[in-house]
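Descriptive analysis of the structure
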Amino acid sequence: MAPQDDKNTPPPLPEPLRVPVADSHTHLDMQAGTVDEALAKAASVGVTTVVQVGCDLAGSRWAADTAAAYESVHATVALHPNEAPRIVLGDPDGWSRQGARAAGGDAALDEALDGIDRLAALPQVRGVGETGLDYFRTGPDGMAAQERSFRAHIEIAKRHGKALVIHDREAHEDVLRILREEGAPDRTVFHCYSGDAAMAEVCAAAGYFMSFAGNVTFKNAQPLRDALAVAPPELVLVETDAPFLTPAPYRGRANAPYLVPVTLRAMAEVKGMTEDALATAVAANTARAFGY
């Protein structure tokens with residue numbers, strides 16, 4: 001096997017961007033190596049800012065601590081949509097990083113949400129998320145917990161004046177409906193945007209940011225590229241969701257913030273923009289979205 005075919009070999013450093021950008025959504029706590037290494041590697045190719053995203057109470061505390069320690073890191077805090085049902089109903093298989101858990105009921109969810117609320121007040125925490133709905137991993141039994149958690153996160157984001165970062169997996173209509181019912185915060189980001197072009201028009205009309213990840217480069221992702229094509233340049237962000245969703249041609253290997261240029265260049269082609277023009281827009285949009 002040639003070294004470049006080895007799934008354990010990190011993809012090579014891409015050509016640096018001339019205009020620095022931010023990775024609007026990453027999970028440094030799930031990546032190999034140190035935070036210092038990840039940030040240095042990213043900065044060497046023009047990815048000078050990262051938004052570190054919390055998915056549970058422990059991860060959200062880590063995000064807040066890391067953002068306090070590094071000027072180039074901003075934090076978001078939340079219970080991931082798949083975390084809420086595990087807190088309420090239990091997680092006997094220990095699928096998440098916490099291992100097996102007993103059912104805690106609504107009281108346990110309220111306690112965890114209180115923890116998120118306290119973290120959301122911190123100045124280095126720029127957003128509340130990733131929250132939302134995920135009908136891919138959670139069945140009907142967990143939907144009530146997910147929805148209750150999502151509505152609570154919207155309220156927390158609005159009360160603290162922070163961005164809302166949405167995880168929407170196979171739940172587009174319900175996510176949009178709940179945002180309408182609750183009233184979306186001033187700044188709302190659809191992370192790893194997964195809707196079609198028609199939904200992109202709905203999001204654009206509402207002023208929601210759409211963040212595109214490495215899956216926009218996948219062969220079967222034409223609907224995503226169609227959505228990106230109609231998304232207004234002033235509402236578009238770029239992200240890695242690292243270590244997941246590594247862009248082609250490195251799909252299947254571990255993703256990291258330094259691979260943002262690969263996705264950004266593919267996005268520029270879809271939008272018929274120069275790399276520099278899109279990078280300039282994305283950099284401004286991310287700062288506006290997260291208020292830094």
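In this text, all values refer to a predicted model and were calculated from it rather than measured experimentally.

1. What about the overall build of the protein chain?
Across its full length, the protein chain carries 10 helices and eight strands. Rg of the C-alpha trace for the protein chain: 18 Å, near the compact-globule value of 19 Å for 292 residues, within the 12% margin. Expressed as lengths along the three principal axes of its C-alpha atoms, the size of the protein chain is roughly 50 × 40 × 35 Å. A total of 292 residues make up the protein chain; the buried ones form 55% of that total. Restricting to contacts in the protein chain with at least 6 residues of sequence separation, those with at least 24 account for 72%.

2. Description of unusual backbone geometry
Look at the link from alanine 242 to proline 243: it is a cis peptide, with omega at 15 degrees. Structurally, proline 243 can be placed in the loop between strand E8 (236-238) and helix H9 (260-271). Cis geometry marks the peptide bond from alanine 248 to proline 249, where omega comes out at 5 degrees. Residue position: proline 249 is located in the loop between E8 and H9. The backbone phi angle of glutamate 170 is positive, close to 55 degrees, even though this residue is not glycine.

3. A closer look at the layout of surface pockets
If you add up the space inside the largest pocket, you get close to 810 Å³. Around the largest pocket, the lining comprises 27 residues; the ones closest to its centre are His80, Asp134, His167, Arg169 and Asp241. Secondary-structure elements contributing two or more residues to the lining of the largest pocket are helix H3 (83-89), strand E4 (125-134) and strand E5 (163-169). Here the lining of the largest pocket takes three residues from E5, the largest share from any one element.

4. Side note on the sheet that holds strand E2 (residues 47-53)
Taken in spatial order, the eight strands of this open sheet run E1-E2-E3-E4-E5-E6-E7-E8, and their pairing is parallel. Only two strands of the sheet have a single partner each, and these edge strands are strand E1 (21-26) and E8. In this sheet, neighbouring strand axes are inclined to one another by 30 degrees on average, regardless of whether the strands run parallel or antiparallel. Looking at chain direction, E5 and strand E6 (residues 188-190) are connected through three bridges and run parallel. Note that in E6 the partner of valine 165 across the bridge is valine 189.

5. As for the pattern of salt bridges
By the definition in use, this model includes 14 salt bridges. With a shortest N-O distance of 3.1 Å, glutamate 181 and arginine 177 are connected by a salt bridge. On the criterion of helical spacing, the pair formed by glutamate 181 and arginine 177 is a turn pair, its members being four residues apart in helix H6 (residues 172-182). For glutamate 181, a relative accessible area of 46% corresponds to the partly exposed category. When salt bridges that share partners are traced, they join Glu147, Arg151, Asp174, Arg177, Glu181 and Glu182 into one network.

6. Some thoughts on helix H4 (residues 105-120)
Helix length check: H4 (16 residues) gives 23 Å between terminal C-alpha atoms against 22 Å at 1.5 Å per residue, within 8%. Buried residues along H4 sit in contact with helix H2 (57-69), strand E3 (73-77), H3, E4 and helix H5 (140-160).

7. What about the environment of valine 189?
Mapped onto the secondary structure, valine 189 falls in strand E6. Here valine 189 falls in the buried class, since its relative accessible area comes to 2%. Between the alpha carbons of valine 189 and phenylalanine 209 there is a distance of 4.6 Å; along the sequence they are 20 residues apart. The residues contacting valine 189, other than those within four sequence positions of it, are Leu164, Val165, Ile166, Phe209, Ser211, Leu237, Ala289 and Phe290.

8. Things to note about the state of the cysteines
This structure, assessed with the given rule, holds zero disulfides. Cysteine 55 carries a free sulfur, and the closest cysteine sulfur to it, the one in cysteine 192, is 12 Å from it. Accessibility expressed as a relative area gives 13% for cysteine 192, which makes it buried.

9. Re the environment of proline 185
Turning to its location among the elements, proline 185 is positioned in the loop between H6 and E6. Along the sequence, proline 185 and lysine 162 sit 23 residues apart, while their C-alpha atoms lie 7.7 Å from each other. Apart from residues lying up to four places away in sequence, proline 185 is in contact with Ile154, Ala157, Lys158, Lys162 and Leu164.

Procedures and definitions
Residues numbered from 1 in each chain as written. Predicted model: local features only at pLDDT ≥ 70, side-chain atom pairs only at ≥ 80, totals over all residues. Heavy atoms only, no water. Helix = DSSP H or I, 4+ residues; strand = E, 2+ residues; numbered from the N terminus. Rg over C-alpha atoms; globule rule 2.2 N^0.38 Å. Buried < 20%, exposed > 50% of the residue type's maximum accessible area, 1.4 Å probe, protein only. Contact = heavy atoms within 4.5 Å. 1 Å grid on protein atoms, 1.4 Å probe; cavity = no way out; pocket = protein on both sides within 12 Å on 5 of 7 lines; lining within 4 Å. Points joined across faces, edges and corners; volume = space filled by probe spheres on them. Pairing = 2+ DSSP bridges. Axes fitted to C-alpha atoms, helices over the stretch in contact; angles between N-to-C directions. Salt bridge = Lys/Arg side-chain N within 4 Å of Asp/Glu carboxyl O. Expected span 1.5 Å × (residues − 1). Disulfide = S-S within 2.5 Å.

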